Amino acid sequence: MRFVTRPLAAALVALALAGCATVTAAPAGRFQAGAGQEVTLGRMWSDITPIMINRGKKVRVLSIDGPLLNALYVGSGLVPGDNIVRSYVKERPTPLMRAGMSASERLEFVSDSVAAMGYQRVELVRPRAALLGGAPGVRFDLNASTSEGLGIKGTGVVAEVSGKLYLTVYLAPAEHYFQASLPEVESILASARITG
Amino acid sequence: MRAGLLAAVAVASLAVGSAAQAQRLAGVRPDLASDEGGLWSVSDKAEIGARQSAELDRDPALNAYVRDVACKVARDHCADIRVYVMDRPFFNASMAPNGYTEVWSGTLLRAADEAQLAFILGHEISHFDRNHSLTSWRRRKSTANAMMVLSAGVAVVGVAAASSAHTYDGASSIMDATRGLIDVVYLAGMASLFGFDRANELEADRLGLGRAAQAGYRPAAATEIWRAQMDETQASDFKRVRNSGARTNIFASHPVDAERIQALQADLKALPDAGAPGRARHRTAIRPHLAAWLRDDLRRRDFGQTLHLIDRLARDGEDLGVLNFYRGEAYRQRRGDGDLALAREAYLAAAAYSDAPVAVWRELGDLRRKEGDPAGAKAAYDNYLTKAPAAEDAWIVQDSLNSLTSGK
């Protein structure tokens, strides 16, 4: 019970705080994704960062229809010790960015973080060379499932610039939602500008 | 002859247990209007969820193996139980009142042989046979009611938060967040349902031992698996885990302790030190899943426990390519003092075996590079590209190789 009640208490506190937090509109146009990265949105999104209680502190989360239907995670300027998904219980740590990660380790950091969000059978596929805000990075696709068995697809890019990590990960149900917003996500990925 | 007869009587007596306890009749479904019928309905719903779960392992050979072991110890109840293997990296097996049974991959990875798995399943079937869930439910009814009240409270918080959101999107997001929270409450409620009291656990140990022995399995496996769980708990990276004691499953409210093992040892004295361990059959069944399950185990990020588990799996000298590779992965990901050197040793050990994943060469290359050994890195990267020229990440390795050559 102890391992259940501690995260439960943390989640209750976080939810109580979330009750005060506001989801804000992220209109079409330039969007400052934390310190150090800017993207251009082609349509209205919702900035759901305040209610995504498990996100790392340098991660912004955008959605169109709610986080289970489409979620765009944008991480900017992560340094060693930062994470994409926060850990609330010491005994359940989440992946941390480390100094001197190899390209494989950066991809592992992303896929293990997506698994730490609660997705199952996370598999990162088709890694390929890409630019993120002009910096050399790795583009990838992702397959996963929710614990209830709903198929999830994802795509994203990760790059390290001057020892800081920048990443974007888009996740949505494979059925309809992933494809529906993919063109918009592609243009967001292409618009990224690293300012940090 | 006389000794053999006595042993047979001892096995039979352990398998039957005390006559005072209510025993479930095979093939009988309770009245839906009864509290037991209610428990079955809840279990039926959970079973539907298990069937749809992404974590359900559908490997026919693995399922046939686990089902066969379960049936051997379930005997008359074989037709009453339905076994689902779930790919979850925790030690857990549980049997719901309606006979729906989950065996998690973490259990299959930790059972050293078929006899240990038979004891674990015998233990769960004994809870089922003696209707411990029902007695536990009646005892804890007030706790369960409290959990329902808490669930309702969480839903109210969610609705209140959603109504203050500015957009529909915001509202649905908050409800999504609330739903996740209710799952946590549900898990806590399940824990109260399956948290049997100490007397139930001791009885399930004793009856489980009897069932496994009667099915022809080596009785000593019972104490071995509990001891292994205690040892793995002590290998944890986290003091809180070490202090919490080993659990027989994630819902268990009572740790396995010396007293419980002593009770089993007393029962063991009455049994012949014979029976089949079924080690080779067990290993054959789990071998195709070793790599995936170890990768899942690493995602728990309790590297002390994973390393302890790998040491146990490597004891018989099998699958050393896979096991040494994941030993290296545990050290690489832990990154404590001296861990990168230990990772290198483990990868090198893995590379000597034909079952080593080809990724061992990529990891060796990356490590050598970090250690300032460009020649070693180049050799390892070359090896990777030779062995896996069509790998999806071959271009990344080629890129690393090119940068070594260019000195960038």
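By convention here, each chain's residues receive numbers from 1 onward along its written sequence. Going through the entries in the order they are written, you letter the chains from A and number the ligands from 1. Two thresholds apply to this predicted model, a pLDDT of at least 70 for residue-level local features and 80 or more for giving and counting side-chain atom pairs, whereas whole-chain, interface and lining totals are computed over all residues.

A. Structural detail: the overall build of chain B. If you tally the helices and strands in chain B, you get 20 helices and three strands. Counting other C-beta atoms within 10 Å of its own, a residue is labelled buried from 20 upward, exposed at 12 or fewer, and partly exposed in the gap between, with every C-beta atom placed from the backbone. Looking at chain B as a whole, 43% of its 408 residues are labelled buried. A pair of residues counts as a contact when their C-beta atoms, built from backbone coordinates, are within 7 Å of each other. Across chain B, every contact between residues at least 6 apart in sequence was considered, and the portion connecting residues at least 24 apart equals 68%. Here a helix means four or more residues in a row that DSSP labels H or I, a strand means two or more in a row labelled E, and each is numbered from the N terminus.

B. Structural view of the overall build of chain A. On a plain count of helices and strands, chain A comes out with three helices and 11 strands. The helix and strand sequence of chain A, counted from the amino end, reads α-β-β-β-β-β-β-α-β-β-β-β-α-β. A burial count over chain A gives 45% of its 196 residues as buried. Residue pairs at least 24 apart in sequence account for 47% of intrachain contacts in chain A once pairs closer than 6 positions are excluded.

C. Looking closely at the domain arrangement of chain B. All names here are of chain B. When the domains of chain B are assigned, the result is domain 1 (2-137 + 196-269) and domain 2 (289-406). Contact with domain 1, which involves 15 residues of that partner, is made by 13 residues of domain 2. Where the side of domain 1 that touches domain 2 is concerned, the elements lending two or more residues are helix H4 (105-110) and helix H10 (221-234). Just so you know the grouping, Ala, Val, Leu, Ile, Met, Phe, Trp, Tyr, Cys and Pro go in nonpolar, Asp, Glu, Lys and Arg go in charged, and all remaining residues, Gly too, go in polar. When its residues are assigned to classes, the side of domain 1 that touches domain 2 shows eight nonpolar, two polar and five charged. Delimitation of the domains relies on an automatic or database domain assignment.

D. Region of interest: the sheet that holds strand S3 (residues 37-41) of chain A. Across the sheet, which stays open at both edges, the three strands sit in the order S2-S3-S11 (chain A) with antiparallel pairing between neighbours. Single-partner strands in this sheet number two, and they are strand S2 (29-32) and strand S11 (193-194) of chain A. For two strands to be treated as a pair, DSSP must find at least two bridges joining them.

E. Spotlight on the environment of Arg198 of chain B. Mapped onto the elements, Arg198 of chain B comes out in helix H9 (residues 198-214). Separated by 58 residues in sequence, Arg198 of chain B and Val256 of chain B place their C-alpha atoms 9.9 Å apart.

F. Highlighting the environment of Ser102 of chain A. Position of Ser102 of chain A among the secondary structure elements: in the loop between strand S6 (71-78) and helix H2 (103-116). Taking the C-alpha atoms as reference points, Ser102 of chain A and Glu160 of chain A, separated by 58 residues in sequence, lie 9.9 Å from one another.

G. Up close: the pairing of strand S10 (residues 164-173) of chain A. Residues and elements named next belong to chain A. Where burial is concerned, most of S10 is hidden: nine out of the 10 residues are buried. Of the pairings in the sheet, the one linking S6 to S10 comprises six bridges and is antiparallel in character. Across the sheet, residue Leu72 finds its bridge partner in S10, namely Tyr170. Both strand S9 (residues 151-161) and S10 contribute to a ladder of 10 bridges, which runs antiparallel. Opposite Val161, over in S10, you have Lys164 as the bridge partner. Hairpin connection, S9 to S10: the antiparallel pair is bridged by two residues, and Ser162 has positive phi, about 50°.

H. Representation of the sheet that holds strand S4 (residues 45-47) of chain A. Residue and element names in this part refer to chain A. What the eight strands build is an open sheet, ordered S1-S4-S5-S6-S10-S9-S8-S7; its pairing is antiparallel. Whereas interior strands pair on both sides, the edge strands pair on one side only; in this sheet they are strand S1 (24-26) and strand S7 (120-132). Strand-to-strand, the axes of this sheet are offset by a mean angle of 25°, without reference to chain direction. With four bridges connecting them, strand S5 (residues 59-63) and S6 associate as antiparallel partners. Along S6, the bridge assignment pairs Val61 with Tyr73. Sitting on the sheet, H2 touches S7, strand S8 (135-145), S9 and S10, and the angle it makes with S7 is about 140°. Each of S6, S9 and S10 is contacted by helix H3 (residues 177-191), which is oriented at about 155° to S10, the strand it contacts most. Simply put, an axis is a line fit to the C-alpha atoms, just over the touching stretch for a helix, and the angle between two N-to-C directions goes from 0 to 180 degrees.

I. Structural view of helix H5 (residues 114-129) of chain B. Given a rise of 1.5 Å per residue, 16 residues ought to cover 22 Å, and the 21 Å separating the end C-alpha atoms of H5 of chain B matches this to within 8%. Positive backbone phi, at 55°, marks Asn131 of chain B, one or two positions downstream of H5 of chain B. Multiplying 1.5 Å by the residue count of a helix minus one yields the expected span of that helix.

J. Highlighting the packing of H9 of chain B against helix H12 (residues 258-269) of chain B. All names here are of chain B. Interaxial distance between H9 and H12 falls to 10 Å at its minimum, and their mutual angle equals 30°. As H9 packs across H12, the resulting crossing turns out to be right-handed. Residue-level inspection shows Leu202, Asp205, Arg206 and Leu209 of H9 in contact with H12, the latter providing Arg260, Ala263, Leu264 and Asp267. Among the residues forming the contact of H9 with H12, the class breakdown is four nonpolar, no polar and four charged. Definitions for this section: a left-handed crossing has its near helix turned counterclockwise from the far helix by less than a right angle. A right-handed crossing has that turn clockwise.

K. Structural context of unusual backbone geometry. Of note in the backbone geometry, Arg126 of chain A takes a positive phi value of approximately 50° without being a glycine. Within the secondary structure layout, Arg126 of chain A lies in strand S7. Positive phi, close to 60°, is recorded for Arg301 of chain B, a residue that is not glycine.

L. Structural detail: the environment of Asp82 of chain A. Residue and element names in this part refer to chain A. Structurally, the position occupied by Asp82 is in the loop between S6 and H2. When the C-alpha atoms of Asp82 and Leu165 are compared, they prove to be 9.5 Å apart, with 83 residues separating the residues in sequence. Apart from residues lying up to four places away in sequence, Asp82 is in contact with Gly56, Lys58 and Met97.

M. Just the nonpolar core, in detail. Residues and elements named next belong to chain B. As used here, a nonpolar core is made of buried Ala, Val, Leu, Ile, Met, Phe, Trp, Tyr and Cys residues. They are joined through C-beta atoms within 7 Å. By size, the foremost hydrophobic cluster in this structure holds 122 residues, and its most contacted members are Val73, Ala118, Phe119, Leu121 and Ala212. At eight residues, H5 tops the list of elements feeding residues into this core. Two domains each donate at least three residues to this core, and these are domain 1 (2-137 + 196-269) and domain 2 (289-406).

N. Quick peek at the pairing of S7 of chain A. All names here are of chain A. In the sheet, S7 pairs with S8 via nine bridges, with the strands oriented antiparallel. Bridge pairing links Leu124 to Leu142 in S8. Turn length for the S7-S8 hairpin, with the two strands adjacent in sequence and antiparallel, is two residues, and the turn residue Gly133 shows positive phi of about 60°.

O. The confidence of the model for chain A, seen in detail. All names here are of chain A. Note: pLDDT gives the predictor's confidence per residue, expressed from 0 to 100. Averaged over all residues, the pLDDT of chain A equals 90, while 89% of them reach at least 70. Mean pLDDT values for the elements of chain A range from 50 in helix H1 (residues 2-20) up to 98 in H3. Confidence over residues 1-5 falls short of pLDDT 50; this stretch has 10 contacts with residues more than four positions distant or in other chains.

P. Focus on the packing of helix H19 (residues 374-387) of chain B against helix H20 (residues 394-406) of chain B. Residues and elements named next belong to chain B. For the pair H19 and H20, the least separation of the axes is 10 Å and the interaxial angle reads 150°. Relative to H20, H19 is oriented roughly antiparallel. Between H19 and H20 the crossing geometry is left-handed. Between H19 and H20, the residues in contact are Pro374, Ala377, Lys378, Tyr381, Tyr384 and Leu385 and Ala394, Val397, Gln398, Ser400, Leu401 and Leu404, respectively. Grouping the amino acids of the contact of H19 with H20 by side-chain chemistry returns nine nonpolar, two polar and one charged. With respect to orientation, any angle under 35 degrees is reported as roughly parallel, any angle over 145 as roughly antiparallel, any angle of 65 to 115 as roughly perpendicular, and every other angle as oblique.

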